[in-house]
Amino acid sequence: MTLDDLFVTIQSRKSADPSSSWTAQLLAKGPEKCAEKFGEEAVEAIIEAVKDDKAGLTSEAADVLYHLLVMLASRDVALSDVLDELSRRQAQSGLAEKAAR
Ligand SMILES: N=c1c2ncn([C@@H]3O[C@H](COP(=O)(O)OP(=O)(O)OP(=O)(O)O)[C@@H](O)[C@H]3O)c2ncn1[C@@H]1O[C@H](COP(=O)(O)O)[C@@H](O)[C@H]1O
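- The name given to the protein chain in an unreviewed UniProt entry is Phosphoribosyl-ATP pyrophosphatase, and the organism recorded there is Sulfitobacter pontiacus.
- The record held by UniProt for the protein chain lists under Catalytic activity (unreviewed entry) the comment "1-(5-phospho-beta-D-ribosyl)-ATP + H2O = 1-(5-phospho-beta-D-ribosyl)-5'-AMP + diphosphate + H(+)".

What follows is the structure, encoded as structure tokens:
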């Protein structure tokens, strides 16, 4: 399962019957609720990281990634645009490294 695959599945839940899927139910509650859930999951991941609980952090990190994708879908922001932004930054930092040499 890639993040792309998961995002496609999540996007398909925007038009699904809320009773058919937890994701469809969350999206039907609106972008504010999706953002709130993302925040909750991020805090849970922080707690596991501070405790140095690797299994707990792995599980919470999966929740964070899933809820980030739900939040992006809820606001019609494409995962590919986020990845393009990361690529742009990587290219910039590569240029800065070259200039420093
Ligand atoms: N990756 C996930 C995933 N990660 C977390 N969750 C759900 O996110 C919820 C978060 O847990 P919480 O304890 O916060 O939820 P809760 O207490 O039930 O909810 P609240 O009462 O707090 O609102 C759980 O109900 C999990 O099932 C996920 N639900 C779905 N997916 C994937 O999303 C895709 C679509 O799934 P459907 O939701 O079944 O369409 C599939 O590929 C799934 O594997």
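Once you've had a look at it, read on.
## Some details on helix 5 (residues 79–100)
- The end-to-end C-alpha distance of helix 5 is 32 Å, a good match for the 32 Å that 22 residues give at a rise of 1.5 Å each.
- Across the 22 residues of helix 5, zero count as buried, placing the element largely on the outside.

## So, the confidence of the model for the protein chain
- Looking at the protein chain, pLDDT values average 95 and 100% of them are 70 or higher.
- For this predicted complex, the interface confidence reaches an ipTM of 0.88, while the overall pTM sits at 0.92.

## Looking at the site of the ligand
- Neighbouring the ligand are the residues Leu6, Thr9, Arg13, Ser21, Trp22, Thr23, Asp63 and Tyr66.
- Residue assignment for the shell around the ligand shows that the elements contributing at least two residues are helix 1 (3–12), helix 2 (22–28) and helix 4 (54–74).
- Looking at the shell around the ligand residue by residue, the class counts come to three nonpolar, three polar and two charged.

## What about the nonpolar core?
- Membership of the largest hydrophobic core is limited to 11 residues, which are Phe7, Ile10, Leu26, Leu27, Cys34, Phe38, Leu69, Val70, Met71, Leu72 and Ala73.
- Contributing elements (two or more residues each) for this core: helix 1, helix 2, helix 3 (31–51) and helix 4.
- For this core, the element with the highest residue contribution is helix 4, accounting for five residues.
- Not counting residues within four places of it along the chain, the set of residues in contact with Met71 comprises Cys34, Ala35 and Phe38.

## Some remarks on helix 4
- For helix 4, with 21 residues, the first-to-last C-alpha span of 30 Å sits near the 30 Å given by 1.5 Å per residue.
- Where helix 4 is concerned, the buried positions are Glu60, Val64, His67, Leu69, Val70, Met71, Leu72, Ala73 and Ser74.
- Among the structural elements, helix 1, helix 2, helix 3 and helix 5 are those in contact with the buried residues of helix 4.
- With its phi angle positive at about 55°, Asp76 sits one or two positions after the end of helix 4.

Cut-offs applied
All residue numbers refer to positions counted from 1 along the written sequence of the respective chain. Under the rules for a predicted model, residues below a pLDDT of 70 receive no local features and side-chain atom pairs below 80 are neither given nor counted, while totals for whole chains, interfaces and linings still include all residues. UniProt positions are given in the numbering used here, feature names are shortened, and annotations may be inferred rather than shown by experiment. Under the scheme used here, helices are H or I runs from DSSP no shorter than 4 residues and strands are E runs no shorter than 2 residues, and both carry numbers assigned from the N terminus. Here a helix's expected span is defined as the number of its residues, less one, multiplied by 1.5 Å. Around each residue's C-beta, the other C-beta atoms within 10 Å are counted; 20 or more make the residue buried, 12 or fewer make it exposed, and counts in between make it partly exposed. All C-beta atoms are placed from the backbone. Along the chain, pLDDT gives the predictor's confidence residue by residue, from 0 to 100. Using the backbone to place each C-beta atom, any residue with that atom within 6 Å of a molecule or strand is considered near it. Three classes are used, and their members are as follows: Ala, Val, Leu, Ile, Met, Phe, Trp, Tyr, Cys and Pro are nonpolar, Asp, Glu, Lys and Arg are charged, and the others, Gly among them, are polar. Remark: nonpolar core denotes a set of buried Ala, Val, Leu, Ile, Met, Phe, Trp, Tyr and Cys residues whose joining runs through C-beta atoms within 7 Å. We call two residues in contact whenever the C-beta atoms placed from their backbones are within 7 Å.

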